[in-house]
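Next come the chains, spelled out residue by residue.
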Amino acid sequence: GGGGGAGGDDDDDATAGGEHMRAELSRLLDELKKLNAQLSAQRDVAVSTVSHHRDRLITYTQEFRRIEQRVESAVNRARLMRGGSRTRNGEWSAEMRELMREHDGLRSSHRLADNVLGQGERVLDDLDFQETRLRGVSGRLAGLMKNVPGLNELMTRIDYRKRRDRLMLAGCVATGFVVLFVYYFYVRG
């Protein structure tokens, strides 16, 4: 071991056990990815089932990566603390304090990034829900248009009048600018 005693050997055994567990979980996630790819290749499986399994796999993989980072951070912090030197007053050295400050800043940044990603996932879910609702409303409007024959003609007339009004307004504004332009350069000039 690298610790110089019984405590160091225990740390090495724990690290080896953790590495074995990490490798096993990583292997299982890879197998899940392969199974998900095989499932999506089958034609008789519903798209929603494949999508559900893919989403769960993504969630498991993200959670595994987060836990893996936390464990790695804890191991690194333990190594850092074990290797740190204290001054005569019992305080950490300036280098050690700087490393701990940097580590805390990085951990805070990771936490913020996780929060932003979580918000993004919630927004995506909300947008998917809204898309489903809008498709339903669109279908109902199309059905209404078929059931009420005069409604389509009314909507066309309204659009025509809106376009006509816009053109009239644009013409008035353009005429006003031309009059101002002529006045400014020819009458004042």
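Residues numbered from 1 in each chain as written. Predicted model: local features only at pLDDT ≥ 70, side-chain atom pairs only at ≥ 80, totals over all residues. Heavy atoms only, no water.

A word on the overall build of the protein chain
- Along its length, the protein chain carries four helices and zero strands.
- Traced from its N-terminal end to its C-terminal end, the protein chain shows the element sequence α-α-α-α.
- Split into buried and exposed, the 189 residues of the protein chain put 8% on the buried side.
- Here the protein chain displays about 15900 Å² of accessible surface, and carbon together with sulfur accounts for 58% of that area. (Helix = DSSP H or I, 4+ residues; strand = E, 2+ residues; numbered from the N terminus. Buried < 20%, exposed > 50% of the residue type's maximum accessible area, 1.4 Å probe, protein only. Areas by Shrake-Rupley, 256 points an atom, 1.4 Å probe, with all protein chains shown as cover.)

Thoughts on the pattern of salt bridges
- Tallied over the entire structure, the rule returns 11 salt bridges.
- For E24, the salt bridge goes to R27, with nearest N and O atoms at 2.5 Å. With E24 and R27 both in helix 1 (residues 6–41), this residue pair falls three residues apart, about one helical turn.
- A residue is classified by how much of its surface remains accessible, and R27, at 38% relative accessible area, is partly exposed.
- Its salt-bridge partner being E153, residue R157 comes within 2.8 Å of it at the nearest N-O pair. Remark: E153 and R157 occur in helix 4 (residues 149–187); sequence separation between them is four residues, near one turn of the helix.
- Classification of E153 by relative accessible area gives partly exposed; the value is 45%.
- One salt-bridge network, held together by shared partners, links E19, R22, R65 and E68. (Salt bridge = Lys/Arg side-chain N within 4 Å of Asp/Glu carboxyl O.)

Considering the side chain of T61
- Considering the arrangement of structural elements, one finds T61 in helix 2 (residues 47–83).
- Beyond its immediate stretch of four places on either side in the chain, T61 contacts L29 and K33. (Contact = heavy atoms within 4.5 Å.)

Describing a negative patch on the surface
- Taken together, the side chains of D55, E121, D125, D126 and D128 make up a negatively charged region of the molecular surface.
- Considering the arrangement of structural elements, one finds E121 in helix 3 (residues 94–147). (Patch = residues over 30% accessible without salt bridge, like charges linked within 9 Å, V, L, I, M, F, W, Y side chains within 5 Å. Lys, Arg positive; Asp, Glu negative; His and termini not counted. Charge placed at Lys NZ, Arg CZ, Asp CG, Glu CD.)

Focus: the confidence of the model for the protein chain
- Confidence along the protein chain averages 81 in pLDDT terms, with 84% of residues attaining 70 or more.
- Predicted confidence for residues 1–8 stays below pLDDT 50, and this span has four contacts to residues more than four positions away or in other chains. (pLDDT = per-residue confidence, 0-100.)

Some details on the packing of aromatic side chains
- The tally for this structure, following the rule as stated, stands at two aromatic pairs.
- For the pair Y184 and F185, a centre-to-centre distance of 5.1 Å together with 85° between the ring planes defines the contact as edge-to-face.
- For Y184, a relative accessible area of 47% puts it in the partly exposed group.
- By way of ring pairs, the aromatic residues F181, Y184 and F185 are connected into one cluster. (Phe/Tyr/Trp six-rings, centres within 6.5 Å; stacked < 30°, edge-to-face > 60°.)

A closer look at a nonpolar patch on the surface
- On the surface, V178, F181, V182, Y183, Y184, F185, Y186 and V187 cluster together into a nonpolar patch covering about 890 Å² of accessible area.
- Residue placement: V187 occurs in helix 4.

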